[in-house]
Amino acid sequence: MLSIWIFLNERNNIANLEQKELEAKANLVVESLNPVISNIYYWSQYEFTEADFTANHHKKFEETLGDFMVGMNQYSQFRLINKEGKETFRLIRTEDGKIINDKILQNKESRDYFKKTMQLDSSAIYVSPLNLNREFGEIEKPYHPVIRGSAPLFSEEGQKLGIVVINFDAKDLLNSLNKNLTSSFFIIDENGNFLSNSSQRNRELEHFINPEETAGFYKANPETWKTLNRDHQGHFKNKEGFWVTEKLNFKNAVSHLNLIKGNYAHLESSNTWFLISRVSNLNVLASIENFYLALLIINLIFLAVIVYVSNAEIKHELLKRHYLNDLKEKRNKLENQNILLTSIQKKLQIWNRQLKEYNNIVAHNLRAPTTSMSALVSMVSGSEDYEEVKTYIPQLNKITGSINTLVQDLLVYVRVLNDDRVRTEKLFVEPVIKSSLNLFLEIVDGTVRVDLDLQEWKTIEFSKVYFQSIIQNLISNAIKYRDPKKKCFIKIKTHKVNKKRILSIEDNGLGIDLKKHESEMFKLYRRFHRNLSGRGMGLFLVKTQLESLNAEIEVKSEPGEGTIFIITFKKIKHHDLLSD
Amino acid sequence: MTFFLIDDDQVFHFITSKTLKKINPDIIVEKFLDGEEGINRIKNSLHKQSELPDIVLLDINMPYLNGWGFLKEFQTIGDQIEKEVQIYMLTSSDDPEDLEKAKKFSELSGYIVKPVSKEELEVLIRNFPSIEWFQPNL
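Below: a short report on this structure. Bear in mind the structure is a predicted one, so any value in this text is a computation, not a measurement.

## Description of the overall build of chain B
Piece 1. Looking only at helices and strands, chain B features five helices and five strands.
Piece 2. Here the C-alpha coordinates of chain B stretch approximately 35 × 35 × 30 Å along the principal axes.
Piece 3. Counting every atom, chain B has about 6200 Å² of accessible surface; 47% of that belongs to carbon and sulfur.
Piece 4. One finds the centroid of the 15 positive side-chain charges in chain B at a distance of 4 Å from the centroid of its 25 negative side-chain charges.

Shown next, in the form of structure tokens:
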């Protein structure tokens, strides 16, 4: 944005400078032509006689005119032409600068400047368009661009005698106008012909040299030409370029001369020139090159700083992210390990408790019969009365019976404890529960109603054998400890709490006083209901089996109201890790 | 002298009562298969304290009401008992947790690991009523 602004600003600056330059050039043209006008005026007032228009009878002028021509370097010819168009006096400047009186006079009656001047009145001065000099009807070579100043001459009696003509050699003027150019410079006349063309010198004055193939300014830049003809001044931009123009109307330009202002003479001239500069963008760029360079360097420095800073930032950010990722990974690892450890710890706690339980069973339940046995044996050996010894036999039978039962129960228990690699499978709970229900007569004959609500979840990863055993034990308990005074039911329901699968088995049976028995509920050989058969093995086995597969069981009960067992299953994981 | 044997082990009942009879045929032995039976018998005798036992041998592990449960029930009726009743905890294991627990019950007079020998029973009888904690073989 800044660079565009600088560009436009600089182009404006250049346009303004160029405008001044063009004004100066226009002034130079006017200043150069001023002497011609003054000199012509002088000669138009000169008292010529008819004799002066006789060929080669001008001795009296030769010297004065010769001196006058010497001082005016740009004057190439001074001539008198009679009213028939024949030259009667002809001073020329030769190539080497000498002034000579050319005796070879020519007829100019067909030339424009002659015709035009002859029609003018006594106070008129004519300035011709820029032209190429012709001698004997042919364009002189090398080309001599000339502007002719002329005026009609009258005798004292007011009789028209002929005309006076000064040829102004425009070569030097054109050269100086084309000096030190910074842009393409053109001078075109009112018809759009090139009078001067800095970029294509061969186009200059082509309308004289090669009128058939002339390609003037109007052809190369038609749009600009149109704009110029609409009397547009100053600078403007179109698709043909960026233009600075100055219009030079000769008549207007000399109006400030005393001669004209004071009405001593008036100028006849159709000359209207356009002085034109085409400012190329390259020029503008060239002039602000350093500016741009500085801007570029500053930008580069900024860019470098930004790149450096952002690079550092990115590196920092990457490092940070890397570090954070590392931390996250480590944390995840730690968390996983923590979860693993927690699960292992829990499992170990369970194992520890189970081992204690086992120890307890062995200590109490196995030791009791063996100590009794040894006591009995010592009593037998201490007795001499056979009749007395006979009474010991049933006692010994009782002991061996209880030891057998205990050993069998222990085997079941130990099998569960050792069964770390118990086979689990994805099992559908409904068919397993239904097949278990069919084992109980009280359910089949309708003594106990069973409500199943197994919609919330239907499958579980678990051991089928354990699941069957657990369900059978709990249903068996519910039936065994039902309240015969009530219409009995068992509700079995699956649901979820905190994404964990819950299985609840509820009855409206006798219930149990948990304040007394809660800590004993799931222990071996605990019985809580008098007069009802029960070995105290069922709940103990249920809990052991559940714990071996990471599940938990809890109980809620009110005496006389009923009991609900709530089993919470957890994902079986890290289980294999513990097998060793 | 009256003994209450509270234990679900009938062989223990047999052996102990036999041993007690040998020591002194006049000793009265009452047998209960669980804590509930035992405490009910005591509660029923509160109005006739002479029927209360002198010595109770109490097993820990029993159905319906275990030894600890019995002791808690006994505490609730403790101030209604005027007779000197000495309770000894019996256990088939030498579990130190049980021993610690036992020592916290002021109602207990000792802790005996099964089997209970004739000599130990003789000490109990001879020293009755004892103010010392009785804990043989430990």
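## Describing the packing of aromatic side chains
Residues and elements named next belong to chain A.
Piece 1. Summed over the entire model, instances satisfying the criterion amount to 26 aromatic pairs over all chains.
Piece 2. Taking 4.8 Å as the distance between ring centres and 55° as the angle between the ring planes, the aromatic pair formed by Tyr-46 and Phe-48 counts as tilted.
Piece 3. Judged by its relative accessible area of 4%, Phe-48 falls in the buried class.
Piece 4. Through pairs of rings, three or more aromatic residues link up here, namely Tyr-42, Trp-43, Tyr-46, Phe-48, Phe-53, Phe-78 and Phe-89.

## What about the interface of chain A and chain B?
Piece 1. Each partner contributes to the interface: chain A provides 26 residues, whereas chain B provides 26 residues.
Piece 2. For the pair chain A and chain B, the summed buried area comes to about 2200 Å², and 51% of that belongs to carbon and sulfur atoms.
Piece 3. Interface area lost by chain A to chain B is led by His364(A), Arg527(A) and Arg530(A), which between them contribute 29%.
Piece 4. Summed over the shared surface of chain A and chain B, the result is two salt bridges.
Piece 5. Of the charged contacts in the structure, one is a salt bridge between Lys356(A) and Glu97(B), with a shortest N-O distance of 3.8 Å.

## Quick look at the sheet that holds strand β5 (residues 108–113) of chain B
All names here are of chain B.
Piece 1. Spatially, five strands are ordered β2-β1-β3-β4-β5 in an open sheet, and the strand pairing comes out parallel. Each edge of the open sheet is held by one strand with a lone partner, namely β2 (28–32) and β5. Shown here is a sheet whose adjacent strand axes are inclined to one another by a mean of 20°, direction ignored.
Piece 2. Here five bridges tie strand β4 (residues 86–91) to β5, and the two strands are oriented parallel to one another. When the sheet's bridge partners are listed, Met-89 is paired in β5 with Tyr-111.

## Considerations on the pattern of salt bridges
Piece 1. Here the structure, examined in full by the defined rule, presents 27 salt bridges over all chains.
Piece 2. If you follow the salt bridges from partner to partner, you end up with Arg79(A), Glu87(A), Arg90(A), Asp102(A) and Glu135(A) in one network.

## Points about helix α3 (residues 67–76) of chain B
Residue and element names in this part refer to chain B.
Piece 1. Of all the residues in α3, the buried ones are Gly-67, Trp-68, Gly-69, Phe-70, Leu-71 and Phe-74.
Piece 2. Among the structural elements, β1 (2–6), α2 (35–44), β3 (55–59), β4, α4 (96–103) and β5 are those in contact with the buried residues of α3.
Piece 3. Backbone nitrogen of Trp-68 and a side-chain oxygen of the N-cap are separated by 3.2 Å at the start of α3; the cap is Asn-66.

## A short note on empty space enclosed by the protein
Piece 1. Considering all chains together, one arrives at one cavity of 30 Å³ or more under this definition.
Piece 2. Here the largest cavity defines a volume of roughly 80 Å³.
Piece 3. Every residue lining the largest cavity is listed: Ala368(A), Thr371(A), Ser372(A), Ala375(A), Phe12(B), Ile15(B), Thr16(B), Lys114(B), Pro115(B) and Val116(B).
Piece 4. Counting only elements with at least two residues in the lining of the largest cavity, the list comes to α11 (289–382) of chain A together with α1 (10–23) of chain B.
Piece 5. In terms of residues, the lining of the largest cavity owes the most to one element, α11(A), which gives four residues.
Piece 6. Its residues assigned to classes, the lining of the largest cavity comprises six nonpolar, three polar and one charged.

## Some words on the sheet that holds strand β11 (residues 194–197) of chain A
Strand pairing in a sheet takes place through backbone hydrogen bonds and is either antiparallel or parallel in direction.
All names here are of chain A.
Piece 1. Ordered by their spatial adjacency, five strands build an open sheet running β11-β10-β15-β13-β12, and the pairing between neighbours is antiparallel. In this open sheet, the two strands that pair with only one neighbour each are β11 and β12 (234–238). Between one strand axis and the next, the sheet turns through 20° on average, direction left out of account.
Piece 2. With five bridges joining them, β12 and strand β13 (residues 241–249) adopt antiparallel strand pairing.

## Side note on the layout of surface pockets
Piece 1. Roughly 1200 Å³ of internal volume is contained in the largest pocket.
Piece 2. In this structure, the largest pocket is lined by 47 residues; those nearest its centre are Asn360(A), Ser519(A), Glu520(A), Lys523(A) and Arg526(A).
Piece 3. Considering each element in turn, the lining of the largest pocket owes the most residues, eight residues, to α11(A).
Piece 4. Across the lining of the largest pocket, the residue classes break down as 16 nonpolar, 11 polar and 20 charged.
Piece 5. Each of domain 2 (324–417) and domain 3 (419–578) of chain A accounts for three or more of the residues forming the lining of the largest pocket.
Piece 6. Approximately 950 Å³ is the volume attributed to the second largest pocket.
Piece 7. Lining of the second largest pocket is provided by 36 residues; of these, Ser402(A), Tyr525(A), Arg527(A), Asp8(B) and Asp9(B) occupy positions nearest its centre.
Piece 8. Counting residues per element, the ones that place at least two in the lining of the second largest pocket are α11 and α12 (386–418) of chain A together with α1 of chain B.
Piece 9. Across the lining of the second largest pocket, the residue classes break down as 12 nonpolar, 10 polar and 14 charged.
Piece 10. Split by domain, the lining of the second largest pocket shows at least three residues from each of two domains, domain 2 (324–417) and domain 3 (419–578) of chain A.

Each value, and the rule that gives it
Each residue is numbered by its place in its chain's sequence as written, counting from 1. To label them, take the chains in the order written and letter them from A, then take the ligands in the order written and number them from 1. Local features in this predicted model are restricted to residues of pLDDT 70 or higher, and side-chain atom pairs are both shown and tallied only at a pLDDT of 80 or more, whereas totals for entire chains, interfaces and linings draw on every residue. Computation of side-chain values: all heavy atoms of the structure, hydrogens and water removed. Strands here mean DSSP runs of E at least two residues long; helices mean DSSP runs of H or I at least four residues long; both are numbered from the N terminus. Using the Shrake-Rupley algorithm and a 1.4 Å probe, accessible areas are obtained, with residue cover drawn only from the displayed protein chains. Charge assignment: positive for Lys and Arg, negative for Asp and Glu; neither His nor the chain ends contribute. A single reference atom marks each charge: NZ on Lys, CZ on Arg, CG on Asp, CD on Glu. Two rings from Phe, Tyr or Trp (for Trp, the six-membered ring) form a pair when their centres are within 6.5 Å of each other. A pair whose planes differ by under 30 degrees is stacked, one over 60 is edge-to-face, and the rest are tilted. Working definition: with a 1.4 Å probe on protein chains only, accessible area under 20% of the residue-type maximum means buried, over 50% means exposed, and in between means partly exposed. Should any heavy atoms of two residues lie within 4.5 Å, those residues are counted as being in contact. Once two parts are joined, some of their accessible surface, as seen by a 1.4 Å probe, is lost; buried area is that loss totalled over both. For salt bridges, the criterion is a side-chain nitrogen of Lys or Arg within 4 Å of an Asp or Glu carboxyl oxygen. Pairing between strands is defined by DSSP: at least two bridges between the two strands are required. Note on method: axes are straight lines fitted to C-alpha atoms, helices fitted across the in-contact stretch only, with angles between N-to-C directions ranging 0 to 180 degrees. Any pair of nitrogen or oxygen atoms within 3.5 Å is treated as a polar contact; in protein, a donor-acceptor pairing is required on top of that, and neighbouring residues in sequence qualify only through side-chain atoms on both sides. Of the two site types, the cavity is a set of points on a 1 Å grid over the protein atoms alone where a 1.4 Å probe fits but cannot get out, and the pocket is an open set with protein on both sides within 12 Å along at least five of seven lines, each lined by residues with an atom within 4 Å of a point. Grid points are joined across faces, edges and corners, and a volume is the space filled by probe spheres set on the points. Amino acids outside the nonpolar list (Ala, Val, Leu, Ile, Met, Phe, Trp, Tyr, Cys, Pro) and the charged list (Asp, Glu, Lys, Arg) are all regarded as polar, and Gly is one of them. Residue ranges for the domains trace back to a domain assignment, done automatically or taken from a database.

Structural measurements only, silent on function.
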